[in-house]
Amino acid sequence: MNVTLPTAQSLRAALAGLLDGLPPKQATQAVDRLIASYRGETPTGAPILRDRSDVVAYAAYRMPATFEAVRSALDALVEAAPDWAPATHTDVGGGTGAASWAVAGAWEGPATTVLDWAEPALALGRELAEASGVPGLREARWERARIGAALELAPADLVTVSYVLKELTAQARTELVDAAAGAGQAVVIVEPGTPDGYARIIGARDRLIAAGMRIAAPCPHSEACPIEPGTDWCHFSARVSRSSLHRQVKGGSLSHEDEKFSYVVATRFPATPAPARITRRPQIRKGQVLLELCTRDEGLSRSTVTKRHGELYRAARDIAWGDPWPPEGTG
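Please read these numbers as outputs of a predicted model, since none were measured by experiment.

> Honestly, the overall build of the protein in this entry has me stumped. Any pointers?
Within the protein, the secondary structure is distributed over ten helices and twelve strands. Expressed as a percentage of the 331 residues in the protein, the buried residues total 52%. Carbon and sulfur atoms provide 49% of the accessible area of the protein, an area that totals close to 15200 Å².

The following block contains the structure:
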């Protein structure tokens with residue numbers, strides 16, 4: 001059966017008509033407020049997305065970036081467990097469904113349930129899913145639920161929690177991560193690639209390990225993170241095509257921007273983490289490539305790959321921030 005899986009391009013196509021009928025000034029104001037909430041201190045206990053104008057602005061502005069970040073995390077899960085595929089998926093705090101689009105693009109056919117406390121977000125998510133033409137998205141269930149403390153999750157093969165923990169109190173975060181660990185065979189959590197976002201990911205990582213799960217990505221191990229608290233933070237980058245709304249709000253002319261994110265993937269089934277992962281953008285010099293690595297046995301390390309390394313050097317020139325190292329087959 002030839003089923004077209006969703007891509008960044010198909011998501012942008014589904015988003016294209018959303019701003020029709022919404023005054024540009026209103027869209028810009030909604031986006032400005034959402035950006036302030038995203039970067040600053042977010043009040044807890046209430047949804048950020050209050051009405052359709054908020055949701056439309058959010059979807060047009062944030063969905064492509066969330067999609068790319070989650071897709072990167074899912075790619076790492078596929079690399080660690082290439083023979084595994086989820087039959088069921090719960091998207092916690094899924095809003096308009098960006099993570100569900102990413103899941104539908106990684107595997108064909110998982111039955112998805114999207115949980116969110118903002119009914120306007122769920123309603124728009126349904127619209128976008130219907131417009132996608134993808135059976136897995138069109139058949140998804142969209143359910144209103146209070147996200148955070150005391151959330152009860154049904155068992156699922158895959159649980160995704162993307163850009164949600166920041167909106168919650170510390171206690172609610174703990175309870176949500178514990179609920180995800182109790183429900184999912186695989187759990188994928190994504191947060192902004194800021195020091196605070198990384199701290200929330202490390203806290204979640206600790207809870208997932210305490211619940212008996214093993215880390216599949218990005219870390220090459222399930223031991224303590226080798227980064228000394230307060231000195232640095234682990235994050236990655238995904239390239240996102242900029243929409244007309246991005247250009248309108250930011251006043252820029254570039255066709256793309258880079259979404260910085262932190263993430264963790266944990267599983268209850270066998271998975272093979274990368275032996276090492278590129279933790280910074282590789283520095284290409286004449287005849288050599290400088291790599292910053294998080295390794296399984298040596299913690300944080302630096303490696304210089306030169307022309308005398310032959311195939312490994314050629315691979316290093318094409319390697320990207322966030323990729324496993326060494327590439328499979330190059331040893």
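> Explanation requested: unusual backbone geometry in the structure shown.
Across residues other than glycine, the phi torsion is negative in most instances, and most of the peptide bonds are trans. Going from Ala217 to Pro218, the amide bond is cis rather than trans, its omega being -5°. As for its placement among the helices and strands, Pro218 is situated in the loop between strand E6 (214-217) and strand E7 (236-241). Backbone torsion omega between Trp325 and Pro326 reads -5°, so that peptide bond is classified as cis. Even without being a glycine, Tyr163 presents a positive backbone phi close to 55°. Relative to the assigned elements, Tyr163 resides in the loop between strand E4 (156-162) and helix H7 (170-183). Using a relative accessible area of 10% as the deciding quantity, one classes Tyr163 as buried.

> When you look at the pairing of strand E1 (residues 88-92) in this model, what are you seeing that I'm missing?
When a strand is regular, its side chains alternate between the sheet's two faces. Of all five residues making up E1, four are buried, and the element is well covered by its neighbours. Running through helix H4 (residues 98-106), the crossover from E1 to the neighbouring parallel element strand E2 (residues 111-116) is right-handed. Here E1 pairs with E4 via four bridges, running parallel. For Val92, the partnering residue across the bridge sits in E4 and is Val161.

> Looking at this structure, I do not really get the environment of Glu257. What am I missing?
Among the structural elements, Glu257 can be located in strand E8 (residues 256-267). When the C-alpha atoms of Glu257 and Ala65 are compared, they prove to be 9.0 Å apart, with 192 residues separating the residues in sequence.

Conventions used here
Residues numbered from 1 in each chain as written. Predicted model: local features only at pLDDT ≥ 70, side-chain atom pairs only at ≥ 80, totals over all residues. Heavy atoms only, no water. Helix = DSSP H or I, 4+ residues; strand = E, 2+ residues; numbered from the N terminus. Buried < 20%, exposed > 50% of the residue type's maximum accessible area, 1.4 Å probe, protein only. Areas by Shrake-Rupley, 256 points an atom, 1.4 Å probe, with all protein chains shown as cover. Right-handed = clockwise from strand over helix to strand, strands pointing away. Pairing = 2+ DSSP bridges.

It is worth stressing that arrangement in space is one thing and function is another; only the former is reported here.
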